[in-house]
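Breakdown of the fold
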Amino acid sequence: MSIVYLRCSNGSTISAHARSVHLNSGAQVYASNRGFDEGTGPGTPIADMRRRPEQDAHVGGMGASYGGTGGGSCYTTQTCSGSGEAWSLGTSYGVASSPWSFGSGGAMGLAHGMPVWGTGGKGGGRVKLQAFDVVSVRGTVEANGERAYAKTYTPVVEWSGAAISGGGGSGGSIQLIAKRIVGNGNVNANGGGVRDSKPGGGGGGRVALIAATVIEPSITVSVDGGSTSAAADCYGASGTVYVDCMSAASCQTMCLTCCYHYDDPAGIERRMDSPR
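These remarks concern the structure in this document. Bear in mind the structure is a predicted one, so any value in this text is a computation, not a measurement.

Procedures and definitions
Here the residue numbers are simple positions, counted from 1 along each chain's written sequence. The model is predicted, so local features are restricted to residues of pLDDT at least 70 and side-chain atom pairs to those at 80 or more, both for listing and for counting; the totals for chains, interfaces and linings are taken over all residues. The basis for every side-chain value is the complete set of non-hydrogen atoms in the structure, without hydrogens or water. Only protein chains enter the accessibility calculation, which uses a 1.4 Å probe; a residue whose area is less than 20% of its type maximum is buried, one above 50% is exposed, and one in between is partly exposed. Helix numbers and strand numbers start at the N terminus; a helix is a DSSP run of H or I with at least 4 residues, a strand a run of E with at least 2. When DSSP finds two or more bridges between a pair of strands, those strands are recorded as paired. Grouping buried Ala, Val, Leu, Ile, Met, Phe, Trp, Tyr and Cys residues that are joined through side-chain atoms within 4.5 Å yields what is termed a nonpolar core. Contacts are residue-level and defined by heavy atoms, with any inter-residue pair within 4.5 Å sufficient. Salt bridges are defined by distance alone: a side-chain nitrogen of Lys or Arg within 4 Å of a carboxyl oxygen of Asp or Glu. For Phe, Tyr and Trp, rings pair up if their centres lie within 6.5 Å, where Trp contributes its six-membered ring, and each pair is then called stacked (planes under 30 degrees apart), edge-to-face (over 60) or tilted (otherwise). The rule is short: NZ of Lys or CZ of Arg within 6 Å of the ring centre and within 35 degrees of the ring normal puts a charge over the ring.

Extensive coverage of strand 7 (residues 126-137) is indicated by the burial of 9 of its 12 residues. Inspection of the sheet shows strand 2 (residues 13-30) paired to strand 7 by 10 bridges, in the parallel sense. Pairing of Val-21 across the sheet is with Val-135, part of strand 7. Judged from the 8 bridges that link them, strand 7 and strand 11 (residues 173-182) form a sheet pairing that is parallel. Residue pairing in the sheet places Ser-136 in a bridge with Val-182 of strand 11.

Next comes the structure, spelled out in structure tokens:
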């Protein structure tokens, strides 16, 4: 078996299997924006196909779901909501303990009742770093959803142009599996944010840390939902973090400490088996 040093890797799927995997300070494993495209994926909001062109009917796209549910969108004069609008919220999917799904794309925004292509954010990709001995993360591992885009669209010449944004893409999947997981780096699978107050942020992705003896609490993990400038109802929900300490009381203590790095403890699943 070999020792792998990662400096800069990017792609929709990044997988490294070796005796040891090292990501040094300043290095990056990048799978952000490499998941499902806008309007596609199992967690993408479902469009209301009955909608027809209608002057001044502007609706921001809803955020996509994966580990966390995407945020609702709103009309220009209504508060954010997940029902009774142009889109129905997407549902969460995947497995928290072994995440290996792509993040879904955010819904497109509607200007004058018509979808505007190129506004929804892409979902995050997927990363797996697996080692017999140690996975050392002193750089950054990312599988974030893409931030949504705003465009101006005029379907009928007599109508005024409307600037509208789609929803954020959901975060992707990251797995770190080893005897020891060490370092002081960052592991991020966040949902994509949005560029104005109408659309919804993407839901957070899924991260799993699985070790036999040590998970150092200095590693920072983030699975935040995408934010907006509107009410909190439009924010994407946090994703999930699964921490599996297979043996050793010291590892269990570190896992508990590590979990407090996350903003939403309710989104954390802990499995701490008795020593084997």
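We are not done yet, so read on.
Turning next to the nonpolar core. Core analysis: the largest hydrophobic core is formed by 31 residues, its most contacted members being Ile-174 and Leu-176. Broken down by secondary-structure element, the contributors of at least two residues to this core are strand 2, strand 7, strand 11, strand 13 (206-215) and strand 15 (240-245). In terms of residue count, strand 2 provides more of this core than any other element does, 7 residues in total. Excluding residues that lie within four positions of it along the chain, Ile-174 makes contacts with Pro-99, Val-127, Val-141, Glu-142, Ala-143, Val-187, Asn-188, Ala-189, Arg-206, Val-207 and Ala-208.

A word on the pattern of salt bridges. Counted by the stated rule, this structure contains 2 salt bridges. Put simply, Glu-146 and Lys-122 hold a salt bridge, and the shortest N to O gap is 3.8 Å. Residue Glu-146 is located in the loop between strand 8 (140-142) and strand 9 (150-153), and its partner Lys-122 is located in the loop between strand 6 (114-116) and strand 7; the two are separated by 24 residues in the primary sequence. Its relative accessible area of 9% is what places Glu-146 among the buried residues. The class for Lys-122 is partly exposed, based on a relative accessible area of 30%. A salt bridge links Asp-133 to Arg-180; the shortest N-O distance between them is 3.6 Å. Placement of Asp-133 in strand 7 and of Arg-180 in strand 11 is noted, with a sequence separation of 47 residues between them. Here Arg-180 falls in the partly exposed class, since its relative accessible area comes to 30%.

Let us look at the environment of Ala-107. Mapped onto the fold, Ala-107 is located in the loop between strand 4 (87-88) and strand 5 (109-111). Look at Ala-107 and you get buried, because its relative accessible area is 1%. Distance in space between the C-alpha atoms of Ala-107 and Gly-202 is 9.7 Å, their sequence separation being 95 residues.

Geometrically, a pair of aromatic rings is defined through the distance of the ring centres and the angle of the planes. Tallying each qualifying case throughout the model produces 2 aromatic pairs. For the pair Phe-36 and Phe-102, a centre-to-centre distance of 6.2 Å together with 90° between the ring planes defines the contact as edge-to-face. In this pair, Phe-36 sits in the loop between strand 2 and strand 3 (46-47) while Phe-102 sits in the loop between strand 4 and strand 5, placing the two residues 66 residues apart along the sequence. Seen in terms of ring centroids, Tyr-66 and Tyr-93 are 4.6 Å apart; in terms of plane orientation they differ by 35°. Their pairing is tilted. Here Tyr-66, found in the loop between strand 3 and strand 4, pairs with Tyr-93, found in the loop between strand 4 and strand 5; they are 27 residues apart in sequence, far enough to count as distant. Tyr-93 matches Tyr-66 in its accessibility class, with the two residues each being buried. Sitting above the plane of the Trp-100 ring, Lys-128 keeps its charged end 5.2 Å from the centroid. The side chain of Arg-206 reaches across the aromatic face of Tyr-66, ending 5.3 Å from its centre.

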